[in-house]
Amino acid sequence: MPIYRIRGIDVDFPFEAYDCQIVYMDKVIQSLQEGCNALLESPTGTGKTLCLLCAALAWRKSLGPFSSEFQKEKLSQSSDDAASSQRRSSYPSIVYASRTHSQLKQVIGELKTSNYRPKMGILGSREQMCIHDQVKTQQGKTQNNACYYLRKKRSCRHHSLVSDYMKSHPEIGNEPLDIEDLVDIGRTLGPCPYYMSRDLHKTVDILFCPYNYLIDPARRDSLSGIQWDNAVLIFDEAHNLESVCADAASFDLPLRFLSACISEADQCVSLAAKRRSIQKSAENEHDPENYAILKALLLKLEKRISEVVIDSKESGFTRPGLYIYEFLAELNITSETANMLTGTIESCVQLLEERHMNGYLNGMKGTICRLELIKDILKNIFRDGGKSHANFYRFHVHESHQNASDSLKGKTTSRVLSWWCFHPGIAMREFLGLSVRSIIMTSGTLSPLDSFAGEMGIEFPVRLENPHVVSQNQVWVGVISRGPSGFSFNSSYRNRDSIDYKQDLGNAIVNFTRIVPDGLLVFFPSYYFMDRCIECWKNMSHSGSSGLNTIWERMCKNKQPVVEPKDSQLFGSSIDDFQAKLRDKSTSGAVFFAVCRGKVSEGLDFADHAGRAVVITGMPFSMMTDPKVRLKRDFLDQQASSQKNALKPLTGEEWYVQQATRAVNQAIGRVIRHRHDYGAIIFCDERFAQRSHQEKMSLWLRPHVKTYSKFGDVVFTLTGFFRDQASREKVKELQKDDPVRVSGLSKCPSGKDEADQDEIKILPPPRPVINIPGKRGPISVDSIDQVIPANKSTVSALNNPFILSNSKRKMEGHVANSAQGHVASANKAAKTETGATEQTKGSVFLVQVKEKLSEEEYKEFVGLMKALKMKKMGIVSVLDSIARLFSLPGRYSLLQSFRDYVPSQYKLLYEKKHLSGDQSTNI
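Residues numbered from 1 in each chain as written. Predicted model: local features only at pLDDT ≥ 70, side-chain atom pairs only at ≥ 80, totals over all residues. Heavy atoms only, no water.

S.K.: Provide a residue-level description of the environment of Asp-26, including the pertinent values.
M.R.: When you line up the elements, Asp-26 lands in helix H1 (residues 19-34). Given the relative accessible area of 2%, Asp-26 is considered buried. Along the sequence, Asp-26 and Arg-7 sit 19 residues apart, while their C-alpha atoms lie 7.1 Å from each other. (Helix = DSSP H or I, 4+ residues; strand = E, 2+ residues; numbered from the N terminus. Buried < 20%, exposed > 50% of the residue type's maximum accessible area, 1.4 Å probe, protein only.)

Next comes the structure, spelled out in structure tokens:
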């Protein structure tokens, strides 16, 4: 494994790193060394997670050995436990959080590929880790309370085995392990996986957990083993963090839910009274009078919400966030009485769960205790005993549609009391209060960074918007403003119900199913729009030569369809269905119809043949009439008008557009998943041609975007793109390990076939020169002593100033000797002065080719020439593929010069196809 020296830290990396990976690791280490926050965007497929782990763990190891190494030292030297614990606790803990457990599983998989073995732990829910035969069938808080009840009664044998098992197996966590690994241990040997993970987190160097373990104060307080005042918090896949933080600090209280809470309080009155009559004693823990007071307060709250005057169904009743205290004070609920209420509710929950568990153990299923939501609401409102956080809230009462069962009872709407947080930075400010060392937020889609940082409400001195590792010829990005019939593509609300629009969109997708090989992903702004389109395509008749009657049937002829289900429980089967249809050879693949912000667009890997193109059918704007969206926009506008600082604040409209663009960027990230992947990104909405929208796309994507006014141009260029990719796949199969000898590049004399020409050796290009901001003039790569952002896809070991390996000097010497040998060989091959001139000209041309092409493109060029010599491909196909390489911006001189090396019988064809027309934009 190569070792890179970055900011004085030796980073052990499992592969030769790309330049953007080195830049990324540099920013991580800078953040950790300086004890500041970082906001890092790096596209999907650039190895972001592996870079993050290696850089963070290398920095941590530079401070002292991992806890796993302490354990080995203790076993070998019998060192003092207290001294070892004190040394270990002096080092910072790293807490690595992601959105879902499936994402964390991928992260741990990356840790396994690295050379680092810190002491690690992972946290999960009881639903994932419980192995008790009865408790594991429960869900949510019912399961938590059932677990608490059995532990209190000491009736869970799995929990009782944890302490002894952990003492006898101190090596747990020294090797990367996942939730499934802990569950396997529990099922095989008996200890509870959930409490094993809780015990393990107290001694780890790095802890993996979902977001809510950090954002939820109650969960965070349970992590007693973390010393927050020196901790490093890493939020991976942080593009969703804004909404997660805001939602965690908000609540919605429907009246029907409040009615269920009143019923539970009434049950507690009866249960406590019955218990008191049986025991013949006054029991302070379960006093029926306290439960009766709770019930009366809830009834008053229900009545008070019902009496709120709502001006209109659309606008509801809205007040500033501080109004919540005035509203509750009328019910005698204040910061003083709230603590007593929460204590009473906890007693209620205990009483109800005891009854439920007694019944469940006798065959009766437990139920959810809804009163716990009231407790959480009160703790949220009166947290920290202050009211300052309420300035970032809005109090809102509105009517909501009932579910099907309530509709059958004659009720169509029900009121909801909401207290919505519109500033996600509240959660981040709590971390500042804990004096954490650094907060690193990273994702493939954070742009624009300024607005994201503004929403988080904390400073991010270290920032990065990384390029992609793929080259230009691996990505096709087009904005299509019109369909095959010339109808404008615009998915705005005023247009999306148009039959002509939906028909033209369907016909366009039919073309894409024919052109795109293997897997195709089609994303819609909403489930409603997707359903309306599919319904239209299934019913819209079409008279064509194919004899098929509907647009849907024409799609199915090319690719088998799969539609993303709304029910999350059906999602797994839809993924399996898509994979099965991809393997089916009766069609050219499968098409997945999905929704932006849905499960398909979040975190799934459609690498290689699973996703060769993604179609975005429109901008996924939220409903402007949604009261939460409307109030968020109003809140930001008010904040912007009141701020007087130099930084331009985020307005409601800017936030509204950015949320839609970020959802699009997430969907786009499903396709290009690694360095050698390729794919097309197709925007079927004319609004994506606007500069304002393109500026909000990820930085790496913007240079690739082209706008097409004619659908025929899209078909032509997209077909050529995938044809070229197919040719490259063939070339890769023909390439050998050492592609330094290329045949057929010397200038072909008239009347001779290119296969008869002498071979020309490839001379190494001159050392690259990079401009460093703040320094005068260019300097050699060898003199760079710090990491700088690079502007190309890869950094070879030869030109990498950070690699710590003796092989570098050997490689340089080898290349120098090789170059001398090539020159000598070329001189020997020059039979005449003319021949020598032609040979030199060919060598110069090869140097120019290598300078202008990326490393991957140059390998492709060499492979094409070898394929031509071996007659494995037709010359016209080879010339077309090479011309496409040379047709990219800044390479027109190569396109012209290559004409000299085209066989005479093909020169006219080459000129007509590739040198005719205005090429000024390519120069």
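S.K.: Before we move on, could you go through the pairing of strand E13 (residues 462-465) and cite the residues and values that matter?
M.R.: Here E13 shows a buried face lined by Val-462 and Leu-464 and an unburied face lined by Arg-463 and Glu-465. Pairing of strand E3 (residues 38-41) with E13, which is carried by four bridges, proceeds in the parallel orientation. Along E13, the bridge assignment pairs Ala-38 with Val-462. (Pairing = 2+ DSSP bridges.)

S.K.: Explain the pattern of salt bridges to me, using residue names and the numbers behind them.
M.R.: Within the structure shown, the criterion is met by 30 salt bridges. Among the ionic pairs, Arg-60 bridges to Asp-205, the shortest N-O distance being 3.1 Å. Of this pair, Arg-60 sits in helix H2 (residues 48-63) while Asp-205 sits in the loop between helix H11 (193-200) and strand E6 (206-210), placing them 145 residues apart in sequence. For the pair shown, Arg-60 and Asp-205 are each scored as buried. For Asp-900, the salt bridge is made with Arg-899, and the minimal N-O distance between the two is 3.8 Å. For Asp-900, a relative accessible area of 18% puts it in the buried group. (Salt bridge = Lys/Arg side-chain N within 4 Å of Asp/Glu carboxyl O.)

S.K.: Requested: an account of the packing of aromatic side chains, with residues and values cited.
M.R.: Both the distance between ring centres and the angle between the ring planes are used here to describe each pair of aromatic rings. For the coordinates displayed, the defined rule picks out 36 aromatic pairs. Between the aromatic rings of Phe-578 and Phe-606, the centroid separation amounts to 5.8 Å while the plane-to-plane angle is 75°, which identifies the pairing as edge-to-face. Here Phe-578, found in helix H26 (residues 571-583), pairs with Phe-606, found in the loop between strand E17 (589-595) and strand E18 (613-616); they are 28 residues apart in sequence, far enough to count as distant. This pair shows no difference in class: Phe-578 is buried, exactly as Phe-606 is. An aromatic cluster is built from Phe-489, Tyr-501, Phe-524, Phe-529, Trp-537, Trp-552 and Phe-593, whose rings are joined through pairwise contacts. (Phe/Tyr/Trp six-rings, centres within 6.5 Å; stacked < 30°, edge-to-face > 60°.)

S.K.: Let's hear about empty space enclosed by the protein: which residues, and what values?
M.R.: This structure, assessed with the given rule, holds four cavities of 30 Å³ or more. Its boundaries defined by the atoms lining it, the largest cavity holds a volume of some 170 Å³. If you go around the largest cavity, you meet 15 residues; those closest to its centre are Leu-301, Leu-328, Ile-333, Ile-374 and Leu-378. Residue composition of the lining of the largest cavity, by class: 15 nonpolar, no polar and no charged. The computed volume of the second largest cavity comes to approximately 110 Å³. Around the second largest cavity sit 14 residues that line it, and Cys-130, His-132, Cys-147, Cys-156 and Cys-192 are the ones nearest its centre. Breaking the lining of the second largest cavity down by element, the ones donating at least two residues are helix H7 (140-152), helix H8 (157-160) and H11. (1 Å grid on protein atoms, 1.4 Å probe; cavity = no way out; pocket = protein on both sides within 12 Å on 5 of 7 lines; lining within 4 Å. Points joined across faces, edges and corners; volume = space filled by probe spheres on them. Nonpolar A, V, L, I, M, F, W, Y, C, P; charged D, E, K, R; others polar.)

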